[in-house]
Amino acid sequence: MLNITQHARSPVNPWKSCLIGNLFHRKVRKCKHIHRSFSSTPQDATVEAVFSNSRTLSLTSGKYARFASGSVVAEMGDTAVMVTTVAKQKPTSGGFVPLIVDYRQKSAAAGRIPTNFLRRELGPSEKEILSARLIDRSVRPMFSPDFRYETQVVCNLLAVDHANLPDVCAVNAASAALSVSDIPWNGPVGAVRMGLCDGEIIVNPTRRELQASSLDLVVTATRQNLVVMLEGRGDIVLLNDVQKAIKQGTKEAQHVINAIEKLQKEHGRQKRTLEALPEVPEDVFQAIRMGSEIRLREIFRDTAHDKISRDVAVQAVRVEVLESVKGDFPDAEVSLLEGAFNRYCREVFRELIFERDLRCDGRGLDDLRNISCKIDLHKPLHGSALFQRGQTQVFCTVALDSQESAMKLDTISALDSGARAKNFFLHYEFPPYATGEIGRIGPIGRREMGHGALAEKGLLPTLPSDFPFTVRLTAEVLESNGSSSMASVCAGSLALMDAGVPLSAPAAGVAIGLVTKCQDPKHLEDYKLLTDLLGIEDYMGDMDMKVAGTRKGITALQADIKVPGLPLKVVMEALQKATDAKSKILDIMKLTISESRRVKKDSWPVSDKITVEPHQRSKLIGPGGVNLKKIYLETGAQLTADSEITFTLFAPSQSAMDEAREMIEVFLKFDRVPDLEFGAIYTAKIVDVKDIGVMVTLYPSMPPALLHNSQLDQRKIAHPSVLGLEVGQEIQVKYFGRDPVSGFMRLSRKVLQGPSTTVRNLDRSEQSDVA
C-alpha cells in the first residue's frame, strides 16, 4: 500500500500515476466495503442450554468461519466442536435432498500427533463415518422435500477433554448452524445422550459414567417431544428402561431447542426463499393416474411377486404409461413425468396398506417372513451359519485368533470407548449381486460400515469379557430384501454359538416400518406399523426402526425417521412390536441350536498359560525375539508376554500347540532350575572375583549370583582377596531363597561359621556333614 502511494505521487509518468492512483482508490473503497460488511455483522453471541442435572451446553455463533452460511461452536466442559454449513445459491436436479455431512476429528484436539507415516490425518476413520451418519440422520428429516440446494455440513473437532463426548455436541452445533444460516430448514432439533447406571437415568453422561452405564442412547427430538432419530446400544436393557430413557431424552432436548431458537431469533440470518420446483400440470398427472392406477393396484396385490418380478412389473408399467403420456403431451419434460409417476406409485402402495391391512407379499401387519437357519456349513471354519428370512440371506463366519490380533484404536476412539483395542469386531459386506445388480467391489462404503457397526452393537453384550481369543465375525449378505443388518445379528449369533463362544444368551434383530396419513406430523390422522420390513416398504414408508437384543432385553437400537418427527406413542408401540417379534425369531433359532457348542471342533484354536522363572525369560525369548519368531514360523503358534513370568501360548490347533510346547522345552531344557531347599547349605563354585564380592554358581547352567563382601565372613572385609578366595575355588554357602523384588538368589557364607549342619552337593547328589 505504501509503495502504491509513492508511485502515485511520482511525476515521471503522469498517465501511469493516474492509473495506479485509480487502482489504489478502488482498493481502498473495496477495503472500506469489506470493513463495513464485517462491522455490520453482529458480534459473536453465546447461549446456554442447562439440563436437569445442571450440566451445560453452550452454543456460540459469529466467532469463526463467517464466510459460511452458518457457523456455530458447541462446548460442553472442555470439549468444543465447530460446525459450518454452506448451501449453493442455485437448485440442482434430482429427487432427493442433496445433503453432505463430514465429521473430522483431529489428534491435535486431544494433544496428540497421528502415528502414521505422514503424521497427519488421512482418510475418515470408522468413528468419523459413524458420527457423520448420526448427524445426517438427525438433521435430514427437517429439510423440506422440495429442497434441492446442494448443502454441506462440516464438523471440526477443536478440543476434546477426558469427560465429555463430542458427537452429541456436533449434532446440536449442526442444528444451530442450520438454524442461524439463511438455508431454509424446518428445525431446530436437540440431541442428548442418555445413560443408565443402577437403574437411574443419566443425562449426557461423562466417559467414566458411560463406561459403567448399561445404556448408551442418543435421542434427537424437535418441538412437542417429537422423536427425529434414535441411536444406541445397551447391555441387555429392559424395554421399560429404554422407553423411559427415550421419554426423558425428548424432554431434555427441549432445553437445547429453546437455546437454539433464542440464538436464531437474535442473531440468525434471514432465510432465503425457495424457488418453486416445476410441477406436472393437473391434466398430465390425471393422465398418469388413469393409465397406471389399476395395473399398479394389481401388482401390489399379487402376492406371487417377489422382489425382482415386482420391480420388473412396475418398470414395465412406468415405461408404457410415460410413453403414452409423452405422446399426448409432447411438451412435458421426461424428468417431471418420471417424478410424478414415482410419487403416484408411492401413494397407491401406501393406500393399499390402509385399505386392506395387508402387505404386498400377503402378510399381516405383524407377521414375520419365513425363516430358516443352518450352522456348521464348512468343516475348516471355526463357526458358520446361514440365516434366511424371506428373500434376505446372510452367511456368517467366525474366526478365532490370538489376542495380538485385536483391533488397535486411534487416539480419539480410544478416548471415547475407554479401551485401546477391540477383541471382537463384525465386518459387514454387501456385494452388488445381493440385489441382482452389477457394481464395483472396492473399499467399504459408509452404509456398509454403519450396518456392520449396528450389528456389532447388537452382539457385543452377549460375549464374555474374559474370552481368551480375538473374535472376527464376517457377515456376507448374499440376498437382500429388507433388514440385512438385523439378519446379520441373527446369523452372527448362530455362528458364534457354532464356534463355541460362550454367549450369555442368543441375540436376534428385526426391523419395524411405518406408513402414516398426516398433513402435520404433530397430528397423525392414521398410521400402520409394519413388522419385519421389506425393502420396498422401507423405500415407500416413513420409518425404519431396527431393534436387536436377547429375549430379556435390548442390545442395539436405531431409528431412521423420514418425517419431521414422530409422537412418543408411535415410537413406544414400535418398540413393543419389535420386542414381540424378536422373541418369535429366537424361538425359531432355538430349533437349530439352543446354546454354545461344547464339543470342540478339530479346527478350533487352543490357548494356554506358561510360567517361567525370571532368569529364564531371556532364554525363552532368544536374542531379538528369535525364538518366538521360530515358534510362529514353524508351528503357527504365538507366544505373548503377560508379565515377567507369565506367557500366553496361542496355537491354531492342538497339534500346533503340542509342537510349540516341544520347542519351548528344547529352549529351556539346559536351564532347568533344581528345587533348592530354603536354609540348606550348598557347594558353590567361584566364577569371578569382584571388588564388592564374588560371583558363584550352584550348578553348571546357573547364571552367576553375587555373594557380597558382607556375607563372606563375620569380619568386615573390603575385598575378597583378603580371604584368599580365587576363581575356581569351591566354598560352602547357605541358601535363603530369592529376593521378592529382583528375583536374585540370597546366599551367605558367614552364617556357616558356627555349628555343623547338612551340606547339599547338587553335582553329586550326595550329602555330608561339615564342621
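Residues numbered from 1 in each chain as written. Predicted model: local features only at pLDDT ≥ 70, side-chain atom pairs only at ≥ 80, totals over all residues. Heavy atoms only, no water.

**Considering the overall build of the protein**
Secondary structure summary: the protein contains 17 helices and 31 strands in total. Long-range contacts, defined here as pairs at least 24 residues apart, represent 69% of the contacts in the protein between residues at least 6 apart. When the accessible area of the protein is evaluated, it comes to approximately 38000 Å², of which 52% is carbon and sulfur surface. (Helix = DSSP H or I, 4+ residues; strand = E, 2+ residues; numbered from the N terminus. Contact = heavy atoms within 4.5 Å. Areas by Shrake-Rupley, 256 points an atom, 1.4 Å probe, with all protein chains shown as cover.)

**Remarks on the pattern of salt bridges**
Considering all chains together, one arrives at 42 salt bridges under this definition. Notably, a salt bridge pairs D361 with R363, separated by 2.7 Å at the nearest N-O pair. Given a relative accessible area of 21%, D361 falls into the partly exposed group. Through salt bridges with shared partners, a single ionic network connects R289, E293, R297, E351 and E355. (Salt bridge = Lys/Arg side-chain N within 4 Å of Asp/Glu carboxyl O. Buried < 20%, exposed > 50% of the residue type's maximum accessible area, 1.4 Å probe, protein only.)

**Focus on the sheet that holds strand 5 (residues 99–104)**
One open sheet holds the six strands; their spatial order is 1-2-3-4-6-5, and the pairing between them is mixed. In this open sheet, the two edge strands, each paired with only one partner strand, are strand 1 (45–50) and strand 5. Here the average twist between neighbouring strands, direction ignored, is 20°. Pairing of strand 3 (residues 70–76) with strand 4 (residues 79–87), which is carried by seven bridges, proceeds in the antiparallel orientation. Following the sheet pairing, A74 is matched in strand 4 by V81. Strands strand 5 and strand 6 (151–159) of the sheet are contacted by helix 3 (residues 126–139), whose axis makes an angle of about 140° with strand 5. (Pairing = 2+ DSSP bridges. Axes fitted to C-alpha atoms, helices over the stretch in contact; angles between N-to-C directions.)

**Points about a nonpolar patch on the surface**
On the surface, F117, L118 and L122 cluster together into a nonpolar patch covering about 390 Å² of accessible area. Checked against the element boundaries, F117 lands in the loop between strand 5 and helix 3. (Patch = residues over 30% accessible without salt bridge, like charges linked within 9 Å, V, L, I, M, F, W, Y side chains within 5 Å.)

**Structural notes on a negative patch on the surface**
A contiguous patch of negative charge on the surface is contributed by E634, D658, E659, E662 and E665. When residues in the negative patch are grouped by element, the largest group, four residues, is from helix 17 (residues 654–668). Here E662 lies in helix 17. Among the residues examined, E662 registers a relative accessible area of 52% and is labelled exposed. (Lys, Arg positive; Asp, Glu negative; His and termini not counted. Charge placed at Lys NZ, Arg CZ, Asp CG, Glu CD.)

**Some remarks on the packing of helix 7 (residues 282–301) against helix 9 (residues 334–356)**
Here helix 7 crosses helix 9 at 45°, and the two axes come no closer than 9 Å. Taken together, the axis directions place helix 7 and helix 9 in an arrangement best described as oblique. Note on packing geometry: the crossing formed by helix 7 with helix 9 is right-handed. Within the contact between the two elements, helix 7 uses V284, F285, I288, R289, S292, E293, L296, R297, F300 and R301 and helix 9 uses L337, A340, F341, R343, Y344, C345, V348, F349, E351, L352, E355 and R356. Grouping the amino acids of the contact of helix 7 with helix 9 by side-chain chemistry returns 13 nonpolar, one polar and eight charged. (Parallel < 35°, antiparallel > 145°, perpendicular 65-115°, else oblique. Left-handed = near helix turned anticlockwise from the far one by under 90°. Nonpolar A, V, L, I, M, F, W, Y, C, P; charged D, E, K, R; others polar.)

**With respect to the packing of helix 7 against helix 8 (residues 307–328)**
Between helix 7 and helix 8, the shortest axis-to-axis distance is 10 Å and the interhelical angle comes to 160°. In terms of their interaxial angle, helix 7 and helix 8 are classed as roughly antiparallel. Between helix 7 and helix 8 the crossing geometry is right-handed. Two secondary-structure elements touch here, helix 7 through V284, A287, I288, G291, S292, R295, L296, I299 and F300 and helix 8 through R310, A313, V314, V317, E320, V321 and V325. The residue makeup of the contact of helix 7 with helix 8, split by class, is eleven nonpolar, two polar and three charged.

**Describing the packing of aromatic side chains**
Going through the model one piece at a time under the given rule, you end up with ten aromatic pairs. Between F467 and F469 the ring centres are 5.5 Å apart and the planes differ by 75°, which places this aromatic pair in the edge-to-face class. Taken as a pair, F467 and F469 share a single burial class, namely buried. Members of the aromatic cluster, each reached through a chain of ring pairs, are F143, F147, Y149 and W185. The residue whose ring lies beneath R272 is Y149, and the NZ or CZ to ring-centre distance is 5.8 Å. Over the ring of F430 we find R447, and its NZ or CZ is 4.3 Å from the ring centre. (Phe/Tyr/Trp six-rings, centres within 6.5 Å; stacked < 30°, edge-to-face > 60°. Lys NZ or Arg CZ within 6 Å of the ring centre and 35° of its normal.)

**Some words on the nonpolar core**
Where a protein is soluble and globular, its nonpolar side chains tend to be buried together. Within the largest apolar cluster, 131 residues are counted, with the highest numbers of intra-cluster contacts made by I246, F387 and M545. Listed in part, the 33 residues of the second largest apolar core include V314, C360, V515 and L530. (Core = buried A, V, L, I, M, F, W, Y, C linked by side-chain atoms within 4.5 Å.)

**Focus on the environment of F96**
Structurally, the position occupied by F96 is in the loop between strand 4 and strand 5. Separated by 49 residues in the primary sequence, F96 and P145 place their C-alpha atoms 7.4 Å from one another. In this structure F96 touches F147 and R148, once residues within four positions along its chain are discounted.

**Here we look at the sheet that holds strand 13 (residues 392–401)**
Read across the sheet, five strands follow the order 11-12-13-17-16 without closing on themselves; strand pairing throughout is mixed. Both outer strands of the open sheet, strand 11 (371–375) and strand 16 (424–429), are each paired with one neighbouring strand and no more. The sheet shows a mean angle of 15° between the axes of neighbouring strands, taken without regard to direction. Bridging between strand 13 and strand 17 (residues 470–479) involves nine bridges; their strand directions are antiparallel. Bridge assignment links V394 to a residue of strand 17, and that residue is V477.

**A few points about helix 7**
For helix 7, spanning 20 residues, the distance from its first C-alpha to its last is 27 Å, which sits close to the expected 28 Å at 1.5 Å a residue. The sharpest bend along helix 7 measures roughly 45° and falls at S292. Those residues of helix 7 that sit buried are V284, F285, I288, S292, L296, R297, I299 and F300. Buried-residue contacts for helix 7 involve helix 8, helix 9 and helix 13 (535–540). (Expected span 1.5 Å × (residues − 1). Bend = angle between axes of the 7 residues up to and from the residue.)

**Quick word on the environment of F736**
Inspection of the secondary structure puts F736 in strand 28 (residues 730–738). Remark: the alpha-carbon pair of F736 and L747, spanning eleven residues in sequence, is separated by 6.1 Å. Sequence-distant contacts of F736, that is, excluding residues within four places in its chain, are made with F678, R746, S748 and V751.

**Some remarks on the confidence of the model for the protein**
Scored by pLDDT, the protein has a mean of 86; 90% of the residues are at 70 or more. Residue range residues 1–41 is modelled with pLDDT below 50. Its contacts to residues more than four positions away, or to other chains, number twelve contacts. Note that residues 764–771 has pLDDT below 50 and, in this model, 15 contacts with residues that lie over four places away or in other chains. (pLDDT = per-residue confidence, 0-100.)

**Quick word on unusual backbone geometry**
Along the chain, G187 connects to P188 via a cis peptide bond; the corresponding omega equals 5°. Mapped onto the fold, P188 is located in the loop between helix 4 (166–180) and strand 7 (190–197). Positive phi is not limited to glycine here, since D532 has a value of about 60°. Inspection of the secondary structure assignment puts D532 in the loop between strand 19 (526–531) and helix 13.

**Observations regarding the pairing of strand 9 (residues 215–222)**
Burial analysis of strand 9 places eight of its eight residues in the buried class, which makes it a mostly covered element. Where strand 9 meets strand 10 (residues 226–237), eight bridges bridge the pair, whose relative direction is antiparallel. By the bridge assignment for strand 10, A221 is matched with V227. Hairpin connection between strand 9 and strand 10: a loop of three residues separates the two successive antiparallel strands, and Q224 in this loop has a positive phi of roughly 60°.

**Focus on the side chain of E448**
Among the structural elements, E448 can be located in helix 11 (residues 446–459). In this structure, E448 is buried with no salt-bridge partner, the nearest side chain bearing the opposite charge being R447 at 4.2 Å. Among all residues touching E448, those that are not within four sequence positions of it are Y428 and F430.

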